[in-house]
Amino acid sequence: MTSTLGRSDRRTTPEGNPVEPEQLRILLGTAARVPAVTLALIATLVVTTMVAASSDLTGIYAAIAGSWLALHQVTLTIDGVALGVLPLLPTAVLVWLTARAARSATDAFVALGGRPLDRRNASRIAVATLAGPTVITIVALIVIQDAASVLPVVTPNPAAALAWVTALYLLGAGLGIGARTWRPLSVRYGVPNWLVAAVRPAARAVLGMFAAAGVVTVLGLLWSWTVVGDLIGRGGGVTGALGLTVLSVLYLPNVLIGAAAVVAGSTVQFGDVTLSLFEATGGDLPALPVLVVIPPGPAAPFWPVLLAVPATVGALLGRYVAQRHLEARARGEYVSSTDAALTVVAAAALAGATSALATWVAGGPLGIFGVVGGNWWLAGVLVFAWSGLLGLVTSQLLLWREHRLAAAEAARASAAAEESATETAAAENPDGDEPVEEADATPLDEAKALEAGPATPAADVLEAEIVEDGPEGQQDAADAGGDADAAGDAGAPAVAGTEREDPADDERVHVADAELEDAADEPGGSGVTEQDAGAPPERNGDLPEGAAPPKG
């Protein structure tokens, strides 16, 4: 008994998932909460409207069923008029509520299991999110088919209706579950970092385009405010005026999407009315106040200036990507040189796809007006082109500029470090003594080498001294030089002025060398003994006979 009472009621399967009762409670809440609240609100609004209009309540169920389908963008045909352009504001709110419910269910599963959400539990949440709306949609189709026998309504295409409901709730479930799991899943499946980093700039680009379109729409409403007042006044009282105002607010996202397509350079068609930045043709429009933003035409010359809006959005996208790229490098993360370009291209592609999808959803058939909406594929291509081209140019220029600034900063830091080292060395050596470098010691070494080298032969010096006298001495010197050259070529020593070796001449040469060295060592450096003025020159006994002494 004690072991039974101490046993926990929360049992887990071998895979670690909670038991079915706890899962079932979460999944049932996810499947029923949003559809039940939505259906209750629709029923309340329909009953209130019919009572306020003093209408018969005979077709109330068909009205509730039709409102449910219209909320999910299912085309309705009433009294032979197709209504395919449906307000997007309540649909967007519905998707947001679905995403919140799916995110809450994800958090609950993670809290119960104590580990990240696995694939099986994610599938359960998605199926539960889709189950409740699918059941209500099938019931709504049956109710309309039954009411078609007594009311002027046509049963919508069941496949199209179920496809719209499935797509919207899967979108909401994907947003809710992905908000908690998309980063771990991207790491698990090896999604490139540049692709993960492209999600946020793509969302910023799309929101930027819609924000600019909102500004254009508000300016158009203010410009035509008197016409807006006239249309609201045609409502026939407070109830009619309130109904037109509410309907205009519900259709406001449709108008914003069309304005974004026009600002990007695409075209919008509303029956016979065609609008772009380069042309505008007027025509008949429904008496809805929000539609006064469509000008009657022709196009004004300054309208193409609005192309600066997508260009600015693209430049901001590139700036954002460049900043994130530099921040990742500052954190020490590995980022290749092409990641920024790939991120810009991926973000531009996501923004273009989102714009094309939104433009397509915002349009559709509208009774006698025919097809209403923007050129969805052209809008997507233009948003991709503006965002990609301007984003690439901006991001690459900013990265190049930052690289240049970083290089210049590194150079300045290196110069500052060298200057600091020089100042430190000067502070450590205040006397200013500099170490003797190899270049400073070179002259001294050369002097020592000259002193240690071989002396100039005395015979050459004597020859240079002797050749200055008359023709006779010059002839003797020339003969001596020639004999010396000949002796050198023959490999035998030769003495100036002789053809053979003479010991007496060698002795006289050595004596002359000694006298020349003594004269070079004296301060005068001239090597010539001063004589009295006018005294005859003394005869040099060391010179050979027949040689003239030098003058002076």
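See the structure printed just above.
### Points about the nonpolar core
Here's step 1: In terms of nonpolar packing, the biggest core is built from 24 residues, with I42, V46, W68, L69 and Y169 touching the most fellow members.
Here's step 2: If you list the elements that add at least two residues to this core, you get helix 2 (20-52), helix 3 (60-71), helix 4 (89-113), helix 5 (119-147) and helix 6 (158-188).
Here's step 3: The biggest single contributor to this core is helix 3, with seven residues.
Here's step 4: Here I42 is in contact with I64, S67, W68 and L71, once residues within four sequence places are set aside.

### Regarding the packing of helix 4 against helix 6
A packed helix pair is summarised by two numbers, namely the angle formed by the two axes and the spacing between the axes.
Here's step 1: One can describe the packing of helix 4 onto helix 6 by two numbers: an axis separation of 7 Å at closest approach and a directional angle of 45 degrees. When the interaxial angle is binned, helix 4 and helix 6 end up oblique. Like other packed secondary-structure pairs, helix 4 and helix 6 cross with a definite hand, here right-handed. In this structure, helix 4 uses T91, L94, V95, T98, A99, A102, R103, T106 and D107 to contact helix 6, whose residues at the interface are L168, Y169, L171, G172, A173, L175, G176, I177, A179, R180 and T181.
Here's step 2: The residue inventory of the contact of helix 4 with helix 6, partitioned by class, reads eleven nonpolar, six polar and three charged.

### Structural notes on the sheet that holds strand 6 (residues 280-281)
Each strand in a sheet pairs with another by means of backbone hydrogen bonds, the pair being arranged parallel or else antiparallel.
Here's step 1: Taken together, five strands build an open sheet; the order of strands is 6-5-4-8-7 and the sheet is antiparallel. Single-partner strands in this sheet number two, and they are strand 6 and strand 7 (364-365).
Here's step 2: The sheet contact formed by strand 5 (residues 273-275) and strand 6 spans two bridges and is antiparallel. Along strand 6, the bridge assignment pairs L275 with A280.

### Observations concerning the packing of aromatic side chains
Here's step 1: Taken as a whole and judged by the stated rule, the model has two aromatic pairs.
Here's step 2: Seen from their ring centres, W164 and W360 are 5.8 Å apart, and the 10 degrees between their planes marks the pair as stacked. One end of the pair, W164, is in helix 6; the other, W360, is in helix 13 (residues 339-362), and 196 residues separate them in sequence.
Here's step 3: With a relative accessible area of 24%, W164 lands in the partly exposed category.

Basis of the calculations
Residues numbered from 1 in each chain as written. Predicted model: local features only at pLDDT ≥ 70, side-chain atom pairs only at ≥ 80, totals over all residues. Heavy atoms only, no water. Core = buried A, V, L, I, M, F, W, Y, C linked by side-chain atoms within 4.5 Å. Buried < 20%, exposed > 50% of the residue type's maximum accessible area, 1.4 Å probe, protein only. Helix = DSSP H or I, 4+ residues; strand = E, 2+ residues; numbered from the N terminus. Contact = heavy atoms within 4.5 Å. Axes fitted to C-alpha atoms, helices over the stretch in contact; angles between N-to-C directions. Parallel < 35°, antiparallel > 145°, perpendicular 65-115°, else oblique. Left-handed = near helix turned anticlockwise from the far one by under 90°. Nonpolar A, V, L, I, M, F, W, Y, C, P; charged D, E, K, R; others polar. Pairing = 2+ DSSP bridges. Phe/Tyr/Trp six-rings, centres within 6.5 Å; stacked < 30°, edge-to-face > 60°.

The quantities given are spatial measurements derived from coordinates; they are silent on function.
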